[in-house]
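So you can see what is in the structure, the chains are spelled out below.
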Amino acid sequence: AQSVTQLGSHVSVSEGALVLLRCNYSSSVPPYLFWYVQYPNQGLQLLLKYTSAATLVKGINGFEAEFKKSETSFHLTKPSAHMSDAAEYFCAVSDQRTPTRTGANSKLTFGKGITLSVRP
Amino acid sequence: NAGVTQTPKFQVLKTGQSMTLQCAQDMNHNSMYWYRQDPGMGLRLIYYSASEGTTDKGEVPNGYNVSRLNKREFSLRLESAAPSQTSVYFCASSVLAGGMETQYFGPGTRLLVL
């Protein structure tokens, strides 16, 4: 069984400060990992994904995440927060490793989400 | 290219009423999913469809039924709504690329059951 832990429900940073959102996962097989962002009253938008090609993954809007197998972590960072980064962020893990023809052998397991607030 | 679309955006039901949430995607994806989002719970999978003609239960299927009408459309039905089904419902579809599935989400349907 796979699971995702996002510690804390709310993070508040000042504009221009470092953003660090933590994600730890549990998976019985090497995982695929994702970060999604949800702006108020909107759906989830893919920020970035780990595919095992590189441990440091760059995403949209200046975010990046580093896969650390020894720590079973996939923390999301951004060097300088912007007001527009205020949103809810979800980490998710998929255990699908085998290419499929029809798809959906993978199921995403989501963390509970972290709300990021950015102070002026 | 609209991506994943959902209707309606908002709905208020009385306990016991039925309704169908509609989802469509124009990305030619094989797989589609229904999730519910509740505060502090993240997203939980209700049902999914690996391909046209197949559906399977997810983590929280009780009280719901689904229909994969064709490759584009995947609907979620509440036969007898209960207050516990008050939630935000998201539909997603996924693409397989490089051996990896990536899911793309619709804007959501906000449902209130009184």
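A quick note: this is a predicted structure, and the numbers were derived from the prediction, not measured. (Residues numbered from 1 in each chain as written. Chains lettered and ligands numbered in written order. Predicted model: local features only at pLDDT ≥ 70, side-chain atom pairs only at ≥ 80, totals over all residues. Heavy atoms only, no water.)

(A) How the structure looks around the sheet that holds strand β8 (residues 74-78) of chain B. Residue and element names in this part refer to chain B. Spatial strand order, β1-β3-β8-β7: four strands in an open sheet with antiparallel pairing. Looking at strand neighbours, the two that pair on one side only are β1 (4-7) and β7 (64-68), the edges of this open sheet. Across the sheet, the mean angle separating the axes of adjacent strands is 20° when strand polarity is ignored. As judged from the three bridges shared by strand β3 (residues 19-25) and β8, these two strands associate in the antiparallel manner. The residue of β8 that forms the bridge with Leu21 is Leu76. (Pairing = 2+ DSSP bridges. Helix = DSSP H or I, 4+ residues; strand = E, 2+ residues; numbered from the N terminus. Axes fitted to C-alpha atoms, helices over the stretch in contact; angles between N-to-C directions.)

(B) Inspection of the interface of chain B and chain A at higher detail. With 27 residues of chain B at the interface, the matching set in chain A holds 29 residues. Summed over both sides, the interface between chain B and chain A buries roughly 2100 Å², with carbon and sulfur atoms accounting for 55% of that surface. Contact with chain A buries surface across chain B, with B:Met100, B:Glu101 and B:Phe105 losing the most and accounting together for 26% of the total. Where chain B meets chain A, there are zero salt bridges. In this structure, the connection of chain B to chain A is made through three residue pairs in polar contact (both at pLDDT 80 or more). Those elements that place two or more of their residues in the side of chain B that touches chain A are β4 (31-38), β5 (42-49), β9 (87-97) and β10 (100-105) of chain B. No other element matches β10(B), which puts six residues into the side of chain B that touches chain A. Classifying every residue of the side of chain B that touches chain A gives 13 nonpolar, 11 polar and three charged. (Contact = heavy atoms within 4.5 Å. Buried area = accessible area lost by both parts, 1.4 Å probe. Salt bridge = Lys/Arg side-chain N within 4 Å of Asp/Glu carboxyl O. Polar contact = N/O pair within 3.5 Å; in protein donor to acceptor, adjacent residues only side chain to side chain. Nonpolar A, V, L, I, M, F, W, Y, C, P; charged D, E, K, R; others polar.)

(C) Region of interest: the pairing of strand β9 (residues 73-78) of chain A. Residue and element names in this part refer to chain A. Counting buried positions along β9 yields five of six residues, so the element is predominantly enclosed. Note: strand β3 (residues 19-21) against β9, three bridges, orientation antiparallel. Bridged to Val19 within β9 is Lys78. Taken together, the five bridges between strand β8 (residues 64-68) and β9 define a ladder with antiparallel strand orientation. Within the sheet, the bridge partner assigned to Glu64 lies in β9 and is Thr77. Hairpin connection from β8 to β9: four residues lie between these consecutive antiparallel strands, with Thr72 at a positive phi of about 45°. (Buried < 20%, exposed > 50% of the residue type's maximum accessible area, 1.4 Å probe, protein only.)

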